[in-house]
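# Structural overview for review
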Amino acid sequence: MGYRLLEPLPWAALATPLTAAEDALARFDERLATSPIRHGWCARTAFADACASLALQGDLVLLEDLVLHDAGRDRHAPSQELTRAHTVLRTRRRIAAAEPGWATSPTGLAALAEDPDEAENQAEASASAAPPNDDVDGEGGLEDDDDAFAAELAGIDAVIARSSRLLADTSPVREKSPLLYDPAWGETDRLAAWHHAVAETRTLPPVLAAAIAYDAWITLEPHQHRAWLGPLLAADLLRARDKARHHLPALASALRRVPRDRWLVRDPLTRWLAALSAVTAGAEQGMRDHDRWMLAREGLLLKVRGRRGSSSLPRLIELVLARPLVSATIIADELGVTPRAAQTLVAELGLRELTGRGRYRAWGIL
């Protein structure tokens, strides 16, 4: 089992799309370098990229559900796909917070290869299955003594459950269920083949090396059920090669802009060209989104000019720039105000309501 590069490399076919991808990514990274909304752009894009990662595998996760789930404000019990999308989101944040190149190192890959704690996910799902503890009208929300006592008991039960899992798990390596994982998969050999393919690209241009690394990961699939790691590892390679110094490229979102018939083919050159086109399209879309959100920020800042220094409106502006959407409870949690006050702040800014619902509404900028 292995992954071989084309010999010789077809530079005549690669030169033009490679140059376009390198230039587009470099221009966008430089735009973010001095942007006042760089951190907000990165935080906001992480949600969309996590949903796109699941979409590449044929699963649909609504952006609204992922934002609410990440904030612990689920409207309903989270599905398996939503839990996986949240795992992708947490992994992306972990890679973005680490040093460039950490994710593709043996240490990083070993850490990222660990299976999510199924018990934790089940506990998270059970907690989210309860009706949301918020009042969209800003009234009520008081718990009686019985509810408080029940919450205390639930906390004690959670501690006991975690202790039991730690005591039961005495082996350093957790066994994978044969119902979900193929014991004869050959994970070690596949991972070694992927490392070899990445090593062969060290002398190639960064974007082409990242495209090949992604293609090799999808082809070899070293870790079962973790094809979504491919775009994240390729993005980290771009950071390690100093091609994306100021952000972690959202390659999953970029790949969704390329027709599936271009990268679901046997010819590796066609797949490489599709990946290069995706990088170009993703960088150009990122530029457009950045400029649009900058204009929205300037318009919102005009509305709060002359406000007192203790006003919460400037912080709300930064919050809506960092989230695809916000609810009254998310605003209340982040700004330390009541849900009713959060709705008042939303009305003062004139944010757009995105759900079309009368209850459990959410606002944001497009």
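Remember, it's a predicted structure, so these values are computed and weren't measured experimentally. (Residues numbered from 1 in each chain as written. Predicted model: local features only at pLDDT ≥ 70, side-chain atom pairs only at ≥ 80, totals over all residues. Heavy atoms only, no water.)

## Side note on unusual backbone geometry
The following threshold applies: A run of DSSP states H or I qualifies as a helix once it reaches four residues; a run of E qualifies as a strand once it reaches two. Both are numbered from the N-terminal end. Note on classification: 1.4 Å probe, protein chains only; a residue is buried when its accessible area is under 20% of the maximum for its type, exposed when over 50%, partly exposed between these limits.
The peptide bond linking glutamate 7 to proline 8 adopts the cis configuration, its omega dihedral lying at -10°. Tracing the backbone through its elements, the reader meets proline 8 in the segment before helix 1 (11-33). Look at aspartate 242: it is not a glycine, yet its phi comes out positive at around 60°. Its location among the elements puts aspartate 242 in the loop between helix 10 (229-240) and helix 11 (251-255). Residue classification places aspartate 242 among the partly exposed residues on the basis of a relative accessible area of 48%.

## A word on helix 8 (residues 187-199)
Which entries qualify depends on this criterion: Under the convention used throughout, the expected extent of a helix is 1.5 Å for every residue step, that is, one less than its residue count. In this description, the arc belongs to the directions extending from the helix axis to the C-beta atoms. It only takes one pair of heavy atoms within 4.5 Å for two residues to be counted as in contact.
For helix 8, spanning 13 residues, the distance from its first C-alpha to its last is 18 Å, which sits close to the expected 18 Å at 1.5 Å a residue. For helix 8, the complete set of buried residues consists of Arg190, Leu191, Ala193, Trp194, Ala197 and Val198. Along the axis of helix 8, the buried positions cluster into a sector of 160°, meaning they face one direction only. For helix 8, the exposed residues lying more than 90 degrees away from the buried face are Thr188 and Asp189. For helix 8, the elements touching its buried residues are helix 5 (106-112), helix 9 (206-220) and helix 10.

## Brief notes about the packing of aromatic side chains
Heads up, the rule is: Stacked, tilted and edge-to-face are the three classes applied to pairs of Phe, Tyr and Trp rings, where Trp contributes its six-membered ring and a pair requires centres within 6.5 Å; stacked means planes under 30 degrees apart, edge-to-face means over 60, and tilted covers the rest.
The tally for this structure, following the rule as stated, stands at two aromatic pairs. With a centroid separation of 5.0 Å and 65° between ring planes, the pair formed by phenylalanine 28 and tryptophan 41 is classed as edge-to-face. In this pair, phenylalanine 28 is assigned in helix 1 and tryptophan 41 in helix 2 (residues 38-56), connecting sequence segments 13 residues apart. Tryptophan 41 shares its class with phenylalanine 28; the two are buried.

## Thoughts on helix 16 (residues 339-349)
When helix 16 is considered as a whole, its buried residues turn out to be Ala342, Gln343, Leu345, Val346 and Leu349. The buried residues of helix 16 all sit within an arc of 160° when viewed along its axis, so they share a single face. Summarising the contacts, the buried residues of helix 16 are in contact with helix 13 (268-303), helix 14 (313-322), helix 15 (328-335) and strand 3 (362-364). Glycine 350 lies just past helix 16 and shows a positive phi near 70°.

## Things to note about the pattern of salt bridges
Our working definition: By definition, a salt bridge exists where a carboxyl oxygen of Asp or Glu is found within 4 Å of a side-chain nitrogen of Lys or Arg.
Counted according to the given criterion, the structure contains 13 salt bridges. As a salt-bridge pair, arginine 92 and aspartate 49 come within 3.1 Å of each other at their nearest N and O atoms. Taken together, the positions of arginine 92 in helix 4 (residues 80-97) and aspartate 49 in helix 2 put the pair 43 residues apart, joining distant regions of the chain. Neither residue differs from the other here; arginine 92 and aspartate 49 are each classed as buried. Measuring nitrogen to oxygen at the nearest pair gives 3.5 Å for the salt bridge that ties glutamate 318 to arginine 297.

## Brief notes about the sheet that holds strand 2 (residues 352-353)
Rules: Any two strands are treated as partners once DSSP identifies two or more bridges connecting them.
Taken in spatial order, the three strands make up an open sheet running 1-3-2, and their pairing is antiparallel. Among the strands making up the open sheet, the edge pair consists of strand 1 (326-327) and strand 2. Across two bridges, the pairing between strand 1 and strand 3 is antiparallel. If you follow serine 327 over to strand 3, its bridge partner there is alanine 362.

## Considering the nonpolar core
Stated formally: What is meant by a nonpolar core is a set of buried Ala, Val, Leu, Ile, Met, Phe, Trp, Tyr and Cys residues, joined one to another through side-chain atoms within 4.5 Å.
Counting 96 residues, the largest nonpolar core has Leu66, Trp194 and Leu316 as the members making the most contacts within it. The element that contributes the greatest number of residues to this core is helix 13, accounting for 12 residues. Here tryptophan 194 is in contact with Thr104, Leu109, Ala213, Ala216, Trp217, Leu220, Pro222 and Leu233, once residues within four sequence places are set aside.

## Side note on the packing of helix 4 against helix 10
Packed helix pairs are characterised by how far apart their axes lie and by the angle those axes make with each other. This is how it is decided: Whenever a helix is involved, its axis is fitted only over the stretch in contact; in every case the axis is a line through C-alpha atoms, and angles between N-to-C directions fall within 0 to 180 degrees. Comment on the angle field: the value is read as roughly parallel under 35 degrees, roughly antiparallel over 145, roughly perpendicular from 65 to 115, and oblique elsewhere. For any pair of crossing helices, the crossing counts as left-handed if the nearer helix is rotated counterclockwise from the farther one by less than a right angle, and right-handed if it is rotated clockwise. Three residue categories are used. Nonpolar comprises Ala, Val, Leu, Ile, Met, Phe, Trp, Tyr, Cys and Pro, charged comprises Asp, Glu, Lys and Arg, and polar comprises the others, including Gly.
Relative to each other, helix 4 and helix 10 sit at 15°, their axes nearing to 11 Å. Judged by the inter-axis angle, helix 4 sits roughly parallel to helix 10. Like other packed secondary-structure pairs, helix 4 and helix 10 cross with a definite hand, here right-handed. Taking contact as the criterion, the partners of Val88, Thr91, Arg92, Ile95 and Ala96 in helix 4 are, on helix 10, Leu229, Leu232, Asp236 and Arg239. Considered class by class, the residues forming the contact of helix 4 with helix 10 number five nonpolar, one polar and three charged.

## Quick notes on the environment of histidine 76
Here histidine 76 is to be found in the loop between helix 3 (63-70) and helix 4. Between the C-alpha atoms of histidine 76 and aspartate 65, which are 11 residues apart in sequence, the distance is 9.0 Å.

## Quick notes on empty space enclosed by the protein
Heads up, the condition is: Cavity: a set of points on a 1 Å grid over the protein atoms alone where a 1.4 Å probe fits but cannot get out. Pocket: an open set with protein on both sides within 12 Å along at least five of seven lines, its lining residues, like those of a cavity, having an atom within 4 Å of a point. Grid points are joined across faces, edges and corners, and a volume is the space filled by probe spheres set on the points.
Using the criterion set out here, one finds three cavities of 30 Å³ or more in the structure. Within this model, the second largest cavity holds a volume of roughly 100 Å³. Surrounding the second largest cavity, Val207, Ala210, Ala211, Tyr214, Ala234, Leu238, Leu251, Ala254, Leu255, Ala275, Ala278 and Val279 form its lining. The set of elements that each furnish at least two residues to the lining of the second largest cavity consists of helix 9, helix 10, helix 11 and helix 13. Looking at which element gives the most residues to the lining of the second largest cavity, the answer is helix 9, with four residues. Split by residue class, the lining of the second largest cavity holds 12 nonpolar, no polar and no charged.

All quantities given are derived from atomic positions and should not be read as evidence of function.
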